[in-house]
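Chain by chain, the residues:
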Amino acid sequence: MPPSLEGKVTVVTGASSGIGRAAALALARAGSRVVVAARREAKLQTLVDEISAAGGEAFAITTDVTDEEQVRALIEGAVERFGGIDCAFNNAGIEGPSKPAHTYSSEEFMQVLDVNCLGTFLCMKYEIEHMVENGGGAIVNDASVAGLRGMPRQVAYSASKHAVIGMTKVAALDYGGNGIRVNAVCPGFTDTDMVDRLTGGDPQRAERLAAYSPMGRLGTVEEVANAVVWLCSDESSFTNGEAMVLDGGLSA
Ligand SMILES: NC(=O)c1ccc[n+]([C@@H]2O[C@H](COP(=O)([O-])OP(=O)(O)OC[C@H]3O[C@@H](n4cnc5c(N)ncnc54)[C@H](O)[C@@H]3O)[C@@H](O)[C@H]2O)c1
């Protein structure tokens, strides 16, 4: 039986596309009420309508995760609307340009760190503040295999995802005593807009990325979403500080 999130409330950032969108749908299917956040309001509303049509309950709050006031308003809005937050999937992220490290400008580098590190930090900060008061919770951060090993031509992305795993581990240590579990998922190449941007939409380049995995294919958004549901659920009640690899064996 799939894990149940009946009675829970989950916040998902970067929910307007890709892994975040699939996770919001899967969390709702598992019974959670879902607060979906990203910058693109129309896409969020389409997702809310889709969840409602399937019998779930969702609410959208337009949020840029690099803006502290907007993140604070997201968490406050979620608590106001649904009475509390039990789980969060901090998924919003960008890849930045694909090029050798020495050609990166400091602006390009910091832009990636702003979304992936500062954004994840701000979300955790306000989620944890609420969860400490609420008596517990489960947080999942979206890291990457690039948080465990270097990804060529992605200096900022790899640095940021190593940092996401670092923050995940520290928060797991700091708040395990408060009943808050903090884990990360580390997807390999997954079939989303991000991979389309990395390959420039060239199917041959996509095939080369797929070939890095011994399974010879890209991951699907549903495969990541299933792990997020499990990590949010009580089925993973002793899993804390884990960086769960979902890469078809690429890093084995
Ligand atoms: N696709 C992959 O191969 C892959 C692999 C490992 C990890 N990831 C991670 O998965 C996450 C989702 O990426 P995806 O592959 O679904 O790509 P995507 O581009 O479809 O999704 C990224 C989401 O983040 C949102 N976002 C970006 N900047 C934001 C900001 N400042 N505030 C709020 N939302 C913002 C985007 O609007 C989008 O909804 C990212 O953190 C990414 O690093 C992806």
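Predicted, not measured: the structure shown is a model, and the values here were computed from it.

Asks: Help me out: how do you make sense of the packing of aromatic side chains in this one?
Replies: A full pass over the atoms with the stated rule returns one aromatic pair. The aromatic ring of Y104 is capped on one face by K99, whose charged end is 5.7 Å from the ring centroid. It is K125 that lies over the ring of Y126; its NZ or CZ is 5.3 Å from the centre.

Asks: Hey, could you run me through the side chain of Q154 in this one?
Replies: Following the sequence through the fold, Q154 ends up in the loop between β5 (137-142) and α5 (155-175). Once you skip the residues sitting within four places of it in the chain, Q154 turns out to touch E95, G96, P97, S98, K99, Y104 and L198.

Asks: Sorry, what's going on with the side chain of E95 here?
Replies: Along the polypeptide, E95 turns up in the loop between β4 (87-90) and α4 (106-134). Looking at E95, its side chain comes within polar contact range of the side chain of R197, at 2.6 Å. Leave out the neighbours within four places in its chain, and E95 touches Y104, V112, Q154, Y157, M194, R197 and L198.

Asks: I would appreciate a short explanation of the environment of A211 in the present structure.
Replies: With respect to the helices and strands, the residue A211 is situated in helix α7 (residues 203-211). C-alpha separation for the pair A211 and L250, spaced 39 residues apart in sequence, amounts to 9.1 Å.

Asks: Please explain the site of the ligand as it appears in this structure.
Replies: Taken together, 29 residues are adjacent to the ligand, and S16, S17, N91, Y157 and T192 come closest. Breaking the shell around the ligand down by element, the ones donating at least two residues are α1 (18-29), α5 and α6 (193-199). Top element by residues in the shell around the ligand is α6. It accounts for four residues. Of the residues assigned to the shell around the ligand, the class counts are eleven nonpolar, eleven polar and seven charged.

Asks: When you look at the pattern of salt bridges in this model, what are you seeing that I'm missing?
Replies: Between side chains of opposite charge, pairing is possible as soon as their charged atoms come close. Within this structure, the stated rule accounts for six salt bridges. One salt bridge in this structure joins R197 and E95, with 2.6 Å as the shortest N-O distance. Here R197 is found in helix α6, whereas its partner E95 is found in the loop between β4 and α4, with 102 residues between them in sequence. The shortest N-O distance in the salt bridge between E223 and R217 comes to 2.7 Å. Residue class for R217 comes out partly exposed when judged on its relative accessible area of 37%.

Asks: Would you explain the pairing of strand β3 (residues 58-62) in this entry?
Replies: The side chains of a regular strand alternate, first on one face of the sheet and then on the other. As paired elements, strand β2 (residues 33-38) and β3 share five bridges and run parallel to each other. Across the sheet, residue A38 finds its bridge partner in β3, namely T62.

Asks: Mind showing me how you'd approach the packing of α1 against helix α8 (residues 221-232) here?
Replies: When two helices pack together, you describe them by how their axes are tilted relative to each other and by the distance separating the axes. Across the interface, α1 lies against α8 with an axial gap of 8 Å and an inter-helix angle of 50 degrees. In this view, α1 runs oblique relative to α8, as classed from their interaxial angle. In terms of crossing hand, the pair formed by α1 and α8 is right-handed. When α1 is examined against α8, the residues G18, I19, A22, A23, A26 and L27 are found in contact with a partner set consisting of V221, E222, V224, A225, V229 and C232. Within the contact of α1 with α8, the residues separate by chemical class into ten nonpolar, one polar and one charged.

Asks: Please explain the nonpolar core as it appears in this structure.
Replies: Inside soluble globular proteins, nonpolar side chains tend to come together where they are buried. By size, the foremost hydrophobic cluster in this structure holds 34 residues, and its most contacted members are L27, V34, V36, F89 and V185. Broken down by secondary-structure element, the contributors of at least two residues to this core are α1, β2, α2 (41-53), β4, β5 and α8. Of all hydrophobic cores here, the second largest spans 26 residues; its members include I61, I75, I139 and A171.

Asks: What exactly am I supposed to notice about the pairing of β2 here?
Replies: Across the six residues of β2, five count as buried, placing the element largely inside the fold. In this view, the connection linking strand β1 (residues 9-13) to its parallel neighbour β2 by way of α1 has right-handed handedness. With α2 bridging β2 and its parallel neighbour β3, the resulting β-α-β unit is right-handed.

Thresholds, definitions, all that
Residues numbered from 1 in each chain as written. Predicted model: local features only at pLDDT ≥ 70, side-chain atom pairs only at ≥ 80, totals over all residues. Heavy atoms only, no water. Phe/Tyr/Trp six-rings, centres within 6.5 Å; stacked < 30°, edge-to-face > 60°. Lys NZ or Arg CZ within 6 Å of the ring centre and 35° of its normal. Helix = DSSP H or I, 4+ residues; strand = E, 2+ residues; numbered from the N terminus. Contact = heavy atoms within 4.5 Å. Polar contact = N/O pair within 3.5 Å; in protein donor to acceptor, adjacent residues only side chain to side chain. Near = heavy atom within 4 Å. Nonpolar A, V, L, I, M, F, W, Y, C, P; charged D, E, K, R; others polar. Salt bridge = Lys/Arg side-chain N within 4 Å of Asp/Glu carboxyl O. Buried < 20%, exposed > 50% of the residue type's maximum accessible area, 1.4 Å probe, protein only. Pairing = 2+ DSSP bridges. Axes fitted to C-alpha atoms, helices over the stretch in contact; angles between N-to-C directions. Parallel < 35°, antiparallel > 145°, perpendicular 65-115°, else oblique. Left-handed = near helix turned anticlockwise from the far one by under 90°. Core = buried A, V, L, I, M, F, W, Y, C linked by side-chain atoms within 4.5 Å. Right-handed = clockwise from strand over helix to strand, strands pointing away.

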